Amino acid sequence: MTSTTPTPRCALRTEGLTKDFRGFRAVSSVDLEVAEGTVHALVGPNGAGKTTLFNLLTGFLKPTSGRIMVFGDDVTGMAPERITHRGVARSFQITSLFENLTPREHVEIALQGLTNQGLRFWRSEKLLGRRRDEVDRLLAEVGLTELADKPTGLMAYGQKRALELALVLAVEPKLLLLDEPTAGMGIEDVDRTIELVRRIAEGRTVVFVDHNMHVVGQLADRVTVLQQGSVLAEGPYDEVRADPRVITAYLGEAHSA
Amino acid sequence: MTSIATAGASVTEQHAAIAGARPWQRLVLLAVGLLVALGLPWFVYPPVAMDIAAWALFAVALDLLLGYCGLLSFGHAAFWGGSAYATGLIAIHLGVPFPLAVLGGAVFAMILAVPIGYLSVKRSGIYFAMVTLAFAQMLFFIANQASSLTGGENGLQGVPRSFFGIEAVETDAFFFYYAALPIILLGMWAAWRIVHSPFGRVLVAIRDNAPRARALGYDVERYKLIVFVLSAGLSGLAGGVFAVSHGFVALPELHWTTSGEVVLMTVLGGIGTLWGGVIGAGLIVMLADYLASSGFDGIGIVTGGVFVTVVLLFRRGIWGTARHLWLNRKRS
């Protein structure tokens, strides 16, 4: 907090963030700056280190070196749940839900994640139903009202992704990290998700990873291109898209794929 | 881990079980359960009835950990046996009424579970099982060595059954059963309460997907430690009652085979069903008693055979399979 902040406040900043896996450098001294209230995309070919970077930012991996600052506070090396308590929420690339819970139960769990209510083993689970209005509002926001009490295991893929977003929103994050929110979706679902992300980005800071350049162009204020763990280019979408290095990296990937 | 824990029932089925159990069905189940618990010593030799009740609570306590948090403890003998010794020592040296001694034993088991749980919940899967096993074996050797306190290989002899001077309870196993049953039922109610609490809901979430739970702000290790200690406490209640019922504590109560036996009962009854362990315990204790009284000493072969059969043919366990059939009957 004591560091000087001349420009608009930084929601997220990394300094020289590096992660080695047994000699393989997955993320290589990445300096990232995300201004509060903006939508920032992380793009790059497969294996560029995007998900590793996400795991570092959310505490699921410990960096080999470098620092991570969230809203001015150093969160380097903190446990994931503590980072969540600082207003950072993440979604997962691979749909990551609780198979045996309904969407309503998911949101109930997510809503009490920041409280100590979950420790009350002597109370009835009906306690969870007290925030019904909030649960209903969140489920409505992602369009799952009708499926609220159906088993999650049987839901369609797009619906599961929507539930992911509801969970992310439930922890009232100031900073959202979305790992490929449109991965594996059909065109219709993609457009609906873009709409949804745009809506939830209001008043929040969003960092997301996506392969779909259409999605990136629609949503991102700024784009960081990663290649082999390093930052290749950074700037507004149109600028980055026209960058010859980026074109080479992407076309090279596209041709070899 | 997830595959162990959810092996009991499919997603839809668990859900149907939650949503499909109507209040009257639950009441009928509860009434039948209570009737069986109250009637047991009329049909079964009372000391054996008490064994069944104690093992049943032990299995329910283990299922709290295994079925609802996906943690397979292979060292629960530490809490059953640890409490048995603590209960026995309290009863011998303080002469308090036995429910107080049992309570003391359970508290001892919980205190024991704090360091053991703290060190073991950092691991998962087979490593968790191994760490718990190692601690339980340590306790076994300590109890064996400290023979001046525990009686070593001879066991702790002469555990009294004081109960406010009511002689029927103190001397007659039949009446003792009814004096001790409330402790067992209280333990079972506590397990039910824990499973159906906000805490229980988080446990299921952790079992299904621990990283996701962490991303939602849950300190997963803290939850695991708490359920570990709670499970140890309930195991301690069971072990304490067992010790008082027998009037002595034998060293094998702490042995790893005791840990294995309670896992067997839980799996037999059905992982993640909570009450399955009651069926598993009843079956194994009665089978062992029948075989022992008919002079057959290869009990392990028979219980092992039953176990293999059930695991291979009815993966959901007895309770889980029954529930499955009931739900399918309704659907067709």
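Residues numbered from 1 in each chain as written. Chains lettered and ligands numbered in written order. Predicted model: local features only at pLDDT ≥ 70, side-chain atom pairs only at ≥ 80, totals over all residues. Heavy atoms only, no water.

## Some details on the interface of chain A and chain B
Piece 1. With 44 residues of chain A in contact, the opposing surface of chain B contributes 31 residues.
Piece 2. Considering only the surface of chain A that becomes buried against chain B, A:Phe98, A:Asn100 and A:Phe121 emerge as the three largest contributors, covering 23% of it.
Piece 3. In this assembly, chain A and chain B are joined by 4 salt bridges.
Piece 4. Note that B:Arg214 and A:Glu81 form a salt bridge whose closest N and O atoms lie 2.9 Å from each other.
Piece 5. The interface formed by chain A and chain B contains 15 residue pairs in polar contact (both at pLDDT 80 or more).
Piece 6. Elements supplying a minimum of two residues to the side of chain A that touches chain B: helix H2 (80–84), helix H3 (103–111) and helix H5 (157–170) of chain A.
Piece 7. Per element, the largest residue contribution to the side of chain A that touches chain B is 4 residues, and it comes from H3(A).
Piece 8. Residues belonging to the side of chain A that touches chain B are distributed by class as follows: 20 nonpolar, 13 polar and 11 charged. (Contact = heavy atoms within 4.5 Å. Buried area = accessible area lost by both parts, 1.4 Å probe. Salt bridge = Lys/Arg side-chain N within 4 Å of Asp/Glu carboxyl O. Polar contact = N/O pair within 3.5 Å; in protein donor to acceptor, adjacent residues only side chain to side chain. Helix = DSSP H or I, 4+ residues; strand = E, 2+ residues; numbered from the N terminus. Nonpolar A, V, L, I, M, F, W, Y, C, P; charged D, E, K, R; others polar.)

## Description of the pattern of salt bridges
When the charged atoms of two side chains with opposite charge come close together, those side chains can pair.
Piece 1. This structure, assessed with the given rule, holds 22 salt bridges over all chains.
Piece 2. Residue A:Arg104 pairs with A:Asp149 through a salt bridge whose shortest N-O separation is 3.0 Å. One end of the pair, A:Arg104, is in helix H3; the other, A:Asp149, is in the loop between helix H4 (132–141) and H5, and 45 residues separate them in sequence.
Piece 3. A relative accessible area of 10% means that A:Arg104 is categorised as buried.
Piece 4. Between A:Glu164 and B:Arg212 there is a salt bridge whose closest N-O contact spans 3.3 Å. With A:Glu164 in helix H5 and B:Arg212 in helix H12 (residues 210–215), the pair connects residues from two separate chains. Taken individually, A:Glu164 and B:Arg212 each receive the classification buried, so the pair is uniform in this respect.
Piece 5. What emerges from the salt-bridge pattern is a single network uniting A:Arg13, A:Glu15, A:Arg67 and A:Asp74. (Buried < 20%, exposed > 50% of the residue type's maximum accessible area, 1.4 Å probe, protein only.)

## Some thoughts on the confidence of the model for chain B
Piece 1. Overall, the predicted model of chain B reaches an average pLDDT of 89, with 93% of residues at or above 70.
Piece 2. Under a pLDDT of 50 for its full length, residues 1–19 of chain B has, in the predicted model, 44 contacts with residues more than four places off or in other chains. (pLDDT = per-residue confidence, 0-100.)

## Focus on the UniProt feature "transmembrane region" (unreviewed entry) in chain B
Residues and elements named next belong to chain B.
Piece 1. When the UniProt feature table is mapped onto this chain numbering, "transmembrane region" (unreviewed entry) sits at residues 27–46, 52–71, 126–143, 174–192, 225–250, 262–287 and 299–318.
Piece 2. In this annotation, residues 27–46 is assigned 90% helix and 0% strand; the end-to-end C-alpha distance for the span is 27 Å.
Piece 3. When the span residues 174–192 is considered, its composition is 100% helix and 0% strand, and the gap between its end C-alpha atoms is 27 Å. (UniProt positions renumbered as here; feature names shortened; annotations may be inferred.)

## Quick word on the domain arrangement of chain A
Residues and elements named next belong to chain A.
Piece 1. Considered domain by domain, chain A is made up of domain 1 (1–87 + 174–257) and domain 2 (96–172).
Piece 2. Listed per partner, the contact involves 18 residues of domain 1 and 12 residues of domain 2.
Piece 3. Together domain 1 and domain 2 conceal approximately 1100 Å² of surface at their shared face, both sides included; 67% is due to carbon and sulfur atoms.
Piece 4. Looking only at domain 1, the three residues that lose the most surface to domain 2 are His 85, Leu 196 and Ile 200, adding up to 33% of its buried area. (Domains from an automatic or database assignment.)

## Some words on the sheet that holds strand S1 (residues 10–21) of chain A
Residues and elements named next belong to chain A.
Piece 1. Here we have 4 strands laid out as an open sheet, ordered S2-S1-S4-S5, and antiparallel in their pairing. Looking at the sheet topology across the chains shown, the edges are occupied by strand S2 (24–35) and strand S5 (73–74).
Piece 2. Pairing between S1 and strand S4 (residues 65–70): 5 bridges, direction antiparallel. In the sheet register, Arg 13 faces S4, and the bridge partner there is Met 69. (Pairing = 2+ DSSP bridges.)

## Details of helix H15 (residues 276–293) of chain B
Piece 1. An ideal rise of 1.5 Å per residue puts 26 Å on 18 residues; H15(B) measures up with 26 Å between its terminal C-alpha atoms.
Piece 2. Of the positions making up H15(B), those classed as buried are B:Gly276, B:Gly277, B:Gly280, B:Ala281, B:Gly282, B:Ile284, B:Val285 and B:Leu291. (Expected span 1.5 Å × (residues − 1).)

## Focus on empty space enclosed by the protein
A water-sized probe, rolled over the atoms, reveals where empty space remains.
Piece 1. Within this structure, the stated rule accounts for 2 cavities of 30 Å³ or more.
Piece 2. Taken as a whole, the largest cavity holds about 50 Å³ of empty space.
Piece 3. What lines the largest cavity is A:Thr58, A:Phe60, A:Pro80, A:Ile83, A:Thr84, A:Val88, A:Ala89, A:Arg90 and B:Ala215.
Piece 4. Sorting the residues of the lining of the largest cavity by element identifies H2 and strand S6 (88–90) of chain A as the ones contributing at least two each.
Piece 5. When grouped by side-chain class, the residues that make up the lining of the largest cavity number 6 nonpolar, 2 polar and 1 charged.
Piece 6. One number sums up the size of the second largest cavity: a volume of about 40 Å³. (1 Å grid on protein atoms, 1.4 Å probe; cavity = no way out; pocket = protein on both sides within 12 Å on 5 of 7 lines; lining within 4 Å. Points joined across faces, edges and corners; volume = space filled by probe spheres on them.)

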